[in-house]
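# Summary of the model geometry
Chain by chain, the residues:
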Amino acid sequence: MAANENKPFAKAEMLIRKPVKEVFDAFVNPEVITKFWFTHSSGPLEAGKKVEWTWSMFNLTVPVFVKSVTPDKEIVMEWGNGEDITLVTWTFKTLAGKGTFVSVVNEGFKGDAAKVLAAVRDSTEGFTIVLAGAKAYLEHGVQLNLVADKFPEGHY
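A short tour of the structure in this document, coming up.

Rules behind the numbers
Residues numbered from 1 in each chain as written. Predicted model: local features only at pLDDT ≥ 70, side-chain atom pairs only at ≥ 80, totals over all residues. Heavy atoms only, no water. Salt bridge = Lys/Arg side-chain N within 4 Å of Asp/Glu carboxyl O. Helix = DSSP H or I, 4+ residues; strand = E, 2+ residues; numbered from the N terminus. Buried < 20%, exposed > 50% of the residue type's maximum accessible area, 1.4 Å probe, protein only. Polar contact = N/O pair within 3.5 Å; in protein donor to acceptor, adjacent residues only side chain to side chain. Contact = heavy atoms within 4.5 Å. Expected span 1.5 Å × (residues − 1). Pairing = 2+ DSSP bridges.

### Some remarks on the pattern of salt bridges
Within the structure shown, the criterion is met by eight salt bridges. Here Lys-67 ties to Glu-78 by a salt bridge, and the two come within 3.8 Å at their closest N and O atoms. In this pair, Lys-67 is assigned in strand 4 (residues 60-70) and Glu-78 in strand 5 (residues 74-79), connecting sequence segments eleven residues apart. Given the relative accessible area of 43%, Lys-67 is considered partly exposed.

### Structural notes on the side chain of Thr-54
Along the chain, Thr-54 falls in strand 3 (residues 50-55). Here Thr-61 takes part through its side chain, which lies 2.9 Å from a polar atom of the side chain of Thr-54. Contacts of Thr-54, omitting those with residues within four sequence positions, involve Phe-38, Thr-39, His-40, Leu-60 and Thr-61.

### Digging into helix 3 (residues 113-140)
Taking 1.5 Å per residue as the helical rise, helix 3 with its 28 residues ought to reach 40 Å, and the 40 Å between its terminal C-alpha atoms agrees with that figure. Here helix 3 has its buried residues at Val-116, Val-120, Ser-123, Phe-127, Ile-129, Val-130, Leu-131, Gly-133, Ala-134, Ala-136, Leu-138 and Glu-139. The first or second residue beyond helix 3 is Gly-141, which carries a positive phi of 70 degrees.

### Some words on the sheet that holds strand 3
With antiparallel pairing, the seven strands of this open sheet are ordered in space as 1-7-6-5-4-3-2. For this open sheet the edge positions go to strand 1 (9-16) and strand 2 (40-41), each flanked by a neighbour on one side alone. Bridge analysis of strand 2 against strand 3 gives two bridges, and the strand direction is antiparallel. Its bridge partner lying in strand 3, Ser-41 is registered against Trp-53.

Listed below in structure tokens is the structure:
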């Protein structure tokens, strides 16, 4: 699913030097994704299911509704609370001899221009941090704690 170029969207991309199955599984499996993004998930990402993701260091829980999952290729989900629900599309592409190219697009921001601009900026920054953390963990087994360290005072 491509972002509508006429509407605001956030986009982050990263090459992760691991096979697509391993990278894709890291994003749907709570046991792995909690090593580089949030601290708890109520379950794996499965099409048609709702899960909750928790960042215990921020006392924050966000509902996630998984619209579709195409194994090793794409995850489409909605996340957020109230009127701040947005659409997030993850795509996973094998690059022969290099690994997996992960792209995440977040769209559907609402509000006035200042609110939308801030949301696009924060989402782009946040997903870039998530992808960098995933790369470090999957390629080198290192937990960088990037999300927690971005907001060391316990709030965002």
